[in-house]
Amino acid sequence: MKQATSPAGVERQDACPTRLTINGEIVELAIPPWTSLLDLLRERLALTGTKKGCDHGQCGACTVLIDGRRINSCLKLAVTLDGTEITTIEGLAGVDGSLHPLQEAFIRHDGFQCGYCTPGQICSAQGLLNEAQATTRAEIREHMSGNICRCGAYPNIVDAIEDVIHKRNSDPRMPE
Amino acid sequence: MNRFDYRRPSTLAEALSLATDPAVRYLAGGTNLIDLMKEDVERPLSLVDVNHLPLGNIEDTVEGGLKIGALVPNADLARAARITQRYPLLSSALLAGASPQLRNAATTGGNLLQRTRCYYFYDVATPCNKREPGSGCQAIGGLTRQHAILGASEHCIATHPSDMCVALAALQAVVHVESARGSRTIAFEDFHRLPGDTPERDSNLEPGELVTAVELPAESFDIHYSYLKLRDRQSYAFALVSVAAALRLEDGIVAEARLALGGVAHKPWRDREAEKQVLGQAPGREAFGRVADTILAGARGQGDNDFKIPLARRAIVRALDQAARAAPQRQVEKRIS
Ligand SMILES: Cc1cc2nc3c(=O)[nH]c(=O)nc-3n(C[C@H](O)[C@H](O)[C@H](O)COP(=O)(O)OP(=O)(O)OC[C@H]3O[C@@H](n4cnc5c(N)ncnc54)[C@H](O)[C@@H]3O)c2cc1C
Ligand code: SF4
Ligand code: FES
Ligand code: FES
């Protein structure tokens, strides 16, 4: 297929000024429009906690939160996110390094084996908590179905998330 | 991915004026378009990011229905109270599709215009009439597990992958579109196309036209409905066969029947003659079986997908039965009742 050329009179902008808040920090960057959020995080910002599994929306390893909603960062162009707040796995722990309740629960329940899918699982689980649509095991499983675990740690992943949901329901002071 | 211009208009007029060249694409959630651009299947000159247009609301219509803005995310639409209460068939179909992450990003307009998942369409190294008109169809005689059993042509046997659209077909939605030339509405049945000898066209949308909204008529089938989706794994997989069934019963007799099938054709499949057959009858597996036989009378397998014909028959009967019993298929608890 032939290479696209710009229509007459239109200057192609090879980098667009974009302002993002990433894990609480404001970042102002000129970003080529064809850069995915996943590549921006990993390749330019050295936030390699977010993983690339399939790069096609099929595995969930790249899940991050945009304004609190979980999405697949491999299918989002970074320039489209101007003005948003992005949370990655690096942003979930406390500033003092204390683990997030989901991170603690994944450790307590052995919610991983190789760990490759884990950042995506945990960000997705935080999205699930924000959505407040799942309480039963069946609901947790269905609402976590966008995260594939090649090692098959599913039962323990569900245990970990169930634990956090139950603790949150019994202790309203637990952090969001 | 090829290089392209990126535009982010904030008004409808501006967006429409930027999209007059057929090589320009509107960008909504990006979950299909970006994927296809990574595969070089789509190589747009320019992307017009429509996410900042005011098309994100659900409004009541004077006719008693709803008008859903093209940018309403699939996740939000599935959970909106007016949808779960009045159009649970639509909510159910949405929740049967993709994953929570994808539904957060995917939009109503983008879902309508998502392209087929035919493996050969995705593989730029193989001929495909949809991707490269006139190059041939590698699927015919190839791997056809996903492919069509109804309405296919010698030029293309692809299926439309959407779940949402199957429910919209049954609900007889209307699509609102706008372009620099003006606005028009398209009945849902006329929105998507059969492949014929122009498989490169999925829909009757003209170049530059933007979907602004999807309108639902007042009749909502909130009691007797079911969306039954059968697939290779229970979640996060496209339909092999899906059925949206909706009935209106009066004194135990079928007064109205709507049925649309997904995963079997180039568009959500409806057969009005078959639907009429069950009117005035008591609901039951025999009557529903006759409906299924009529719908599938012209069905043809391609080899790998021959199983879809008996599967579709059973799915039609079961979904109509679930609808009649007011026991819709649950999308969390997957057991088929
Ligand atoms: C792994 C995976 C699994 C999936 N599983 C399912 C499934 O089981 N069921 C299902 O139904 N779907 C499934 N999907 C598909 C998903 O639902 C679609 O990708 C999504 O709905 C597309 O919406 P979008 O807003 O992201 O569209 P985009 O990717 O932004 O756009 C898609 C197309 O629509 C055009 N477009 C977008 N908005 C408009 C508009 N307003 N007017 C005119 N043209 C427009 C774009 O130019 C583009 O050509 C899956 C996707 C993935 C990646
Ligand atoms: S079935 Fe259609 S989309 Fe698939 S290879 Fe043939 S022409 Fe292309
Ligand atoms: S890397 Fe994004 S879903 Fe797999
Ligand atoms: S822990 Fe290895 S992929 Fe999930």
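Along each chain, residue indices are assigned from 1 in the same order as the chain's sequence is written. Key to labels: chains lettered from A, ligands numbered from 1, both in the order written. Confidence filtering applies because this is a predicted model: local features only for residues at pLDDT of at least 70, side-chain atom pairs given and counted only at 80 or more, and all residues used for totals across whole chains, interfaces and linings. To obtain the side-chain values, all non-hydrogen atoms of the structure were used and water was disregarded.

Enquirer: Mind showing me how you'd approach the overall build of chain B here?
Expert: From N to C terminus, chain B includes 13 helices and 11 strands. Here chain B has a C-alpha radius of gyration of 19 Å; the compact-globule value for 337 residues is 20 Å, and the two agree. Taking the principal axes of the C-alpha coordinates as reference, chain B spans close to 60 × 50 × 35 Å. We call a residue buried when its accessible area falls under 20% of the maximum for its residue type, exposed when it is over 50%, and partly exposed in between, using a 1.4 Å probe and counting protein chains only. A total of 337 residues make up chain B; the buried ones form 59% of that total. Numbering of helices and strands starts at the N terminus; helices are DSSP runs of H or I of at least 4 residues and strands are runs of E of at least 2. A radius of gyration in this sense is built from C-alpha atoms; the matching globule rule multiplies 2.2 Å by the number of residues raised to 0.38.

Enquirer: Explain the overall build of chain A to me, please; I cannot follow it from the model alone.
Expert: Counting its secondary structure elements, chain A contains five helices and five strands. In chain A, the succession of α and β elements from N to C terminus is β-β-α-β-β-β-α-α-α-α. Viewed in the frame of its principal axes, chain A has a C-alpha envelope of about 60 × 35 × 25 Å. Looking at chain A as a whole, 51% of its 176 residues are labelled buried. Here the open area of atoms and residues is found with the Shrake-Rupley method and a 1.4 Å probe, where only the protein chains shown may cover a residue. In the form shown here, chain A has an accessible surface area of approximately 8,300 Å², with 50% of it arising from carbon and sulfur atoms.

Enquirer: What's the story with the pattern of salt bridges in this structure? I'm lost.
Expert: Once their charged atoms are close, side chains differing in charge can pair, the charge on each being opposite to the other. All names here are of chain B. Within this document, salt bridges are pairs made up of a side-chain nitrogen of Lys or Arg and a carboxyl oxygen of Asp or Glu, the two lying within 4 Å of each other. For the coordinates displayed, the defined rule picks out 35 salt bridges over all chains. Residues Asp 163 and Lys 229 are paired through a salt bridge, measuring 2.8 Å at the closest nitrogen-oxygen approach. Taken as a pair, Asp 163 in the loop between α8 (119-122) and α9 (164-170) and Lys 229 in strand β9 (residues 225-230) lie far apart in primary sequence, 66 residues in all. The burial state of Asp 163 is the same as that of Lys 229; both residues are buried. Taking the shortest distance from any N to any O, the salt bridge between Glu 219 and Arg 248 comes out at 3.2 Å. With Glu 219 in the loop between β8 (210-216) and β9 and Arg 248 in strand β10 (residues 241-250), the pair connects residues that are 29 residues apart, well separated along the chain.

Enquirer: I tried to follow the nonpolar core on my own but got confused; where do I start?
Expert: Soluble globular proteins: nonpolar side chains tend toward being buried together. For this analysis, a nonpolar core means a set of buried residues of the types Ala, Val, Leu, Ile, Met, Phe, Trp, Tyr and Cys, connected via side-chain atoms within 4.5 Å. Core analysis: the largest hydrophobic core is formed by 40 residues, its most contacted members being Ile 83, Leu 89, Leu 90, Leu 112, Leu 168 and Leu 216 of chain B. Ranked by residues supplied to this core, first place goes to α9 of chain B with seven residues. Core analysis: the second largest hydrophobic core is formed by 33 residues, Leu 20, Val 27 and Ile 66 of chain A together with Leu 102 of chain B among them.

Enquirer: Just to check I follow, could you spell out the interface of chain A and chain B for this structure?
Expert: When the parts come together, some accessible area is lost, and that loss is often what is quoted as the size of the interface. The contact criterion used is simple: two residues touch if any of their non-hydrogen atoms lie within 4.5 Å. With 43 residues of chain A at the contact, the number on the chain B side is 44 residues. In total, chain A and chain B occlude about 3,600 Å² of area from one another, counting both sides; carbon and sulfur atoms represent 53% of this. In this structure, Asp 55 of chain A and Lys 38 of chain B form a salt bridge, with 2.8 Å as the shortest nitrogen-oxygen distance. In protein, a polar contact means a hydrogen-donor-capable atom and an acceptor-capable atom, both N or O and within 3.5 Å, with residues adjacent in sequence counting only if both atoms are side-chain atoms; elsewhere, any N or O pair within 3.5 Å suffices. Put simply, chain A and chain B have 17 residue pairs in polar contact (both at pLDDT 80 or more) between them. Elements with a contribution of two residues or more to the side of chain A that touches chain B: β4 (69-72), α3 (118-131) and α4 (137-143) of chain A. Accessible area that two parts lose when put together, with a 1.4 Å probe and added across both, is what the buried area reports.

Enquirer: Sorry, what's going on with the domain arrangement of chain B here?
Expert: For chain B, the assigned domains are domain 1 (5-51) and domain 2 (225-324). Boundaries between domains were set according to an automatic or database domain assignment. On a C-alpha basis, the centres of domain 1 of chain B and domain 2 of chain B stand 36 Å from each other.

Enquirer: I keep staring at the sheet that holds strand β3 (residues 63-66) of chain A and nothing clicks. Help me out?
Expert: Adjacent strands of a sheet form backbone hydrogen bonds with each other and so pair up, either parallel or antiparallel. Residues and elements named next belong to chain A. Should DSSP find at least two bridges between two strands, the strands are taken to pair. One open sheet holds the five strands; their spatial order is β2-β1-β5-β3-β4, and the pairing between them is mixed. Across the chains shown, the open sheet's two edge strands, defined by having one partner strand only, are β2 (25-31) and β4. Going from strand to strand, the sheet's axes swing by 40° on average, the running direction of each strand aside. The pairing of strand β1 (residues 16-22) with β2 spans seven bridges and is antiparallel. Its bridge partner being in β2, Ile 22 is matched across the sheet by Glu 25. Against the sheet, helix α1 (residues 37-44) makes contact with β1, β2, β3 and β5 (85-87), and its axis sits at roughly 105° relative to β2, the strand it touches most. Axis definition: a line fitted to C-alpha atoms, over the contacting stretch in the case of helices. Angles run 0 to 180 degrees between N-to-C directions. Taken strand by strand, α3 contacts β3 and β4, and its axis lies near 40° from that of β3.

Enquirer: Help me understand the pairing of β3 of chain A in this model?
Expert: Residue and element names in this part refer to chain A. Of the two faces of β3, the one lined by Thr 63 and Leu 65 and the one lined by Val 64 and Ile 66 are each fully buried. Counting the residues that bridge the hairpin from β3 to β4 gives two residues, and of these Asp 67 lies at a positive phi of roughly 45°. In the sheet, β3 pairs with β5 via two bridges, with the strands oriented antiparallel. The partner of Leu 65 across the bridge, within β5, is Thr 87.

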